[in-house]
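Chain and residue survey
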Amino acid sequence: MITISIDGQELKAKEGQTILEIARENGIYIPTLCYHENLSPYGACRLCCVEIFKGGRSRIVASCLYPVEEGLEVKTNSPHIINNRKMIMELLLARCSQNEVIKKLASEMGVEQSAFKAKYLENEDCILCGLCVRACEQIVERSAISLVNRGVNREVAPPFLEPSADCIGCGSCAYVCPTGAIKMEDKDGTRVVYARNWEKEFKLKKCKKCGNYWAPEEQLEYIREKLNLPPDFFDVCPNCRESVP
Amino acid sequence: MDKKVTAIIDKYDADRGQLISMLQDIQAEFHYLPREALIQVSETMGIPLSKVYSVATFFKAFSLKPRGRHLINVCLGTACHVRGASKVLEQIERSLDISRGETTNDFKFTLETVNCMGCCALGPVVNIDGEYFGQISAGKVDSILNKYS
Amino acid sequence: MEKIKSLQDLEAFRNSIAEKRKVGKPCIAICSGAGCLALGARGIINATIKEIERQKLKAKVDIKTTGCPGFCEQGPLVIIYPQNILYTHVKVKDVAEIISKTVINGEIVDRLLYTDPTTGEKFIHESEIPFYKKQRRLLLGNNSNIDPNNIEDYLALGGYSALAKALFEMTPEQVTEEVKRSGLRGRGGGGFPAGRKWESCHNAPGEPKYVIANCDEGDPGAFMDRALTEGNPHSVLEGLIIAAYAIGSHEGYIYVRNEYPVAVENATIAIKQAEKLGFLGKDILGSGFDFTVRINRGGGAFVCGESTALMASLEGKIGEPRAKYIHTVERGLWDKPSNLNNVETLANVPLIINKGADWFNGIGTEGSKGTKIFSLVGKVNNTGLVEVPMGITLREVIYDVGGGIKDGKKFKGVQTGGPSGGVIPESMLDIPVDFDELTKAGSMMGSGAMIVMDEDTCMVDTAKYFLTFLEEESCGKCVPCREGIKRMRQILDDITEGKGKEKDIELLERISATLKDTALCALGTTAANPVLSTLRYFKDEYEAHIKQKRCPAGVCKALIQYYIIDEKCVGCRLCEKACPVEAITFMGKKKPVILDQSKCIKCGICKDVCKLGAVGVK
């Protein structure tokens, strides 16, 4: 066990844990946009930056990535940190000037509007946090989408910006997206997963018993093959399967 | 499956670490990265297509669009910049009626820029098909372009 | 050639080369560095080969294509051995004369000698020329003596003796200790002590360990790594093998940027030759030490000079940096301990091993030892590569080595450290070349680009240039870098277009602070330096753009006008013909031409083509 201090509180931690993990375990709030506990940390949004003190010197680090060490002293809300977080929100607000999630988070931090000129404000929803890409790779293991292009031209997209053969329509990307940039809609036996720059349609499987459409055929086929289930395994939906005596 | 692409992948023993080198060789062969070649690399190497596509769009050296017969690279390194490289670039854009990154309709020229070619002492520098032209000015552009057919 | 299997074999082989070369045939050495190639060296090489054949001199005269000796401004350069005569600005039509007069008869062709532009004095030998006098060319010196594709040239000059010494007379720990004691610091920009890095990597748990030579020289305006890798690849390779031995690594990489095809080619050939002779591979020189190297090409991304991005790209991934809370010497390439050194750093290693740490740390300042190669470029008379001892002042480099400012203009600033560095003004020119002094001045050593700017360079435009560069080169991963640099560039766009507001400067400073504090990698944390340093030393120029809507240097298009200086114009009509938008009209002899401001697109071609200086900017 290691002892660290966050905002004056003495806390116990295990080697290999990050500052953010310890803070969350102990109910200390650090804002994040690109972090999800089930995915590898990425360190892109920089909102989780904190100030650490070691050997009389201070330094700003991304708490989602910084491994704890004995005697580490952390401040999560020094004026220095607050100013930096505000600027990061101003930058995000300039990119996503109409996005409600970003507007709300900014407002919570006391940023009502960006200092940038109106002519430069953009109306994006995606903040390029990469959660969707990591979910697709690490959880679903399909890697149907990736971060393409570089720098200011970077975007989340399937190869060639066309419906990806690897996408099974599970919707994990839409689920994990913090800003609603990727959306998913089920209607009349089809599912559409889409973002500003791409979309893919899926046929939904109809339950032989209740007649409800319940999941994309491609997704069910993928699971069936992966787990080596019988061909008729997904003919009925989970609800009906449970009710079978 | 394309034999040329297969040969390139084999040359690097399908080593994932050599992906960028493979793409470079494919581009040298076809003058751009054809879609089918990227798919073939993905399938042969067992790398998701999205990852190959990601690499192909990240690095500036790669082009996913067919390029012209002659590739013009205008150096925009600092030394070239302070000696007027942007004027040279603008003149080439006017002469060819394309912007940087584009190819002329007749596929004669593709115009690209590079952030330093290491010929800094002779800026502004333009490179056409590997041949360097040093100490260029906007006024000299047309006579150089006229050399190419 | 057979594999060399012992120290005795190596010395025997070296002696056999010396024996072969005792005759002292005359040799024509032609620089085939990128600079000289850009000035037509390829034509000179071809013409020389033809002429030698025509005069049936093939058996009597050697032709050598060499690396860059640095004096690019004077290229194409040709050196005639054994007399060591340097010819500058050589043209194809001079070749026959050089051969028949100088090579055959030992006569000097006067008009091809270097002439000092101020004194008019002519120089026969390189070493006498002022450009070379204050230099100390430990690394570059051999470039003009070596055919980079011939390992025997390197061996003839004592090459690989440092490797032999390390392998047979020193333990890995002693090698590291020697490098530590030498005070060698990383030449790629960071300035981290090389020996300490080796030690950490050596001590880090995990196998295998990797060593990597960084030749991804992305700093726009720097080309010393190119000159070393192209001109003397074995010196880099020898340094890398010694590093591997010290660290306990058996696999290495040379990562060369894609824009340097000749460096890729020469390094590839060097590796093959070294393998053939047993300097690489299994049981090197019979010492029992194994080491192999392969070359990887970059894909055109400045950020790949950053260690974690470079390693990601070596793994076939996009060049995205990661946080370095765990250092790459512990977990780098494929998560294994990895040591990355810049090419110039490695080229110093054989010297340190051969001549000793004490010799090396006798050169330079307290905190910066040895020499540093700079690419001295921009508005300076003698552009090229210069290698100077640490501690020399910037003024000496620019005025004594560089011969001062071009066309008698006034010096304004010198940019060091590339996009991560800053501009240093006239008042600070007496600071020494030293890692810490340059950082104190708000700039940094960086990889060694030294871009000289005169009164015609606009500092706001310069800051905008670097931000535009960084905006293109940012990988896009972290918010402050991707979004912040773009916003700063937009603000500078406005200022250079006369749309700047006074509060813009404060906003620039606020974004800069967040970039410095929170960006993920060094590209981002240092990105604001060009803006901050120009704001610090040239604030008046920002204010002229913002308050008076004026660009004092006459650069920012939206704020300038071209005009015809009637007294100087003779009506030759060159500008009229060259104008792409027909903004210039010929009016007859009295008032030769007029320039229609409403049509003018400010391309500047009229000014370029005018031979009489009759086009002005205001």
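Bear in mind that the values here come from a model prediction, so they are computed numbers and not experimental data. (Residues numbered from 1 in each chain as written. Chains lettered and ligands numbered in written order. Predicted model: local features only at pLDDT ≥ 70, side-chain atom pairs only at ≥ 80, totals over all residues. Heavy atoms only, no water.)

Attention now goes to the overall build of chain B. A count of helical and extended segments in chain B gives seven helices and four strands. In sequence order, chain B lays out its α and β elements as α-α-α-α-β-α-α-β-β-β-α. Based on the C-alpha atoms only, the size of chain B along its principal axes is roughly 50 × 30 × 25 Å. Looking at chain B residue by residue over its 149 residues, the buried ones come to 61%. Taking as baseline every contact in chain B between residues at least 6 positions apart, the subset at least 24 positions apart corresponds to 60%. Total accessible area on chain B is roughly 5,900 Å²; 49% of this is exposed by carbon and sulfur atoms. Positive and negative charge centroids in chain B, built from 17 and 17 side chains respectively, lie 5 Å apart. (Helix = DSSP H or I, 4+ residues; strand = E, 2+ residues; numbered from the N terminus. Buried < 20%, exposed > 50% of the residue type's maximum accessible area, 1.4 Å probe, protein only. Contact = heavy atoms within 4.5 Å. Areas by Shrake-Rupley, 256 points an atom, 1.4 Å probe, with all protein chains shown as cover. Lys, Arg positive; Asp, Glu negative; His and termini not counted. Charge placed at Lys NZ, Arg CZ, Asp CG, Glu CD.)

Chain C puts 64 residues into the contact, and the matching count from chain B is 44 residues. Buried area between chain C and chain B, summed over both chains or domains, comes out near 4,100 Å², and the portion from carbon and sulfur atoms is 54%. If you sort the residues of chain C by the area they bury against chain B, C:Arg297, C:Ile318 and C:Tyr465 come out on top, with a joint share of 15%. Counting across the chain C and chain B interface gives six salt bridges. One salt bridge connects B:Glu90 with C:Lys557, and the closest N-O pair in it is separated by 2.8 Å. On inspection of chain C and its partner chain B, the count reaches 27 residue pairs in polar contact (both at pLDDT 80 or more). Where the side of chain C that touches chain B is concerned, the elements lending two or more residues are helix 2 (34-38), strand 9 (292-297), helix 13 (307-314), strand 11 (371-378), strand 15 (449-454), helix 18 (459-473) and helix 25 (605-609) of chain C. (Buried area = accessible area lost by both parts, 1.4 Å probe. Salt bridge = Lys/Arg side-chain N within 4 Å of Asp/Glu carboxyl O. Polar contact = N/O pair within 3.5 Å; in protein donor to acceptor, adjacent residues only side chain to side chain.)

So, about the domain arrangement of chain B. How large an interface is tends to be reported as the accessible area lost when its parts come together. Per the domain assignment, the segments making up chain B are domain 1 (3-58) and domain 2 (70-146). Put simply, the middle of domain 1 of chain B and the middle of domain 2 of chain B, counted by C-alpha atoms, are 29 Å apart. (Domains from an automatic or database assignment.)

Attention now goes to the packing of helix 2 (residues 79-95) of chain A against helix 3 (residues 100-108) of chain A. All names here are of chain A. Orientation of helix 2 relative to helix 3, taken along the N-to-C sense of each, is 155°, at an axis distance of 10 Å. With respect to helix 3, the element helix 2 is oriented roughly antiparallel. Where helix 2 crosses over helix 3, the two elements pack in a sense that is left-handed. Touching Met89, Leu92 and Leu93 of helix 2 are Ile102, Lys103, Leu105 and Ala106, all from helix 3. Considering only residue class, the contact of helix 2 with helix 3 consists of six nonpolar, no polar and one charged. (Axes fitted to C-alpha atoms, helices over the stretch in contact; angles between N-to-C directions. Parallel < 35°, antiparallel > 145°, perpendicular 65-115°, else oblique. Left-handed = near helix turned anticlockwise from the far one by under 90°. Nonpolar A, V, L, I, M, F, W, Y, C, P; charged D, E, K, R; others polar.)

Attention now moves to the pattern of salt bridges. All told, the structure shown has 70 salt bridges over all chains when counted by the stated rule. Here A:Glu90 and C:Arg510 are joined by a salt bridge, their closest N and O atoms 2.2 Å apart. Here A:Glu90 is found in helix 2, whereas its partner C:Arg510 is found in helix 20 (residues 503-518) on a different chain. Residue A:Glu90 is classed as buried on the basis of its relative accessible area, which comes to 6%. Residue C:Asp504 pairs with A:Lys117 through a salt bridge whose shortest N-O separation is 3.4 Å. Separated into two different chains, C:Asp504 in helix 20 and A:Lys117 in the loop between helix 3 and helix 4 (131-139) make up a pair that spans both. Put simply, A:Arg95, A:Glu122, C:Arg482, C:Glu483, C:Lys486 and C:Arg487 are held in one network by salt bridges that share partners.

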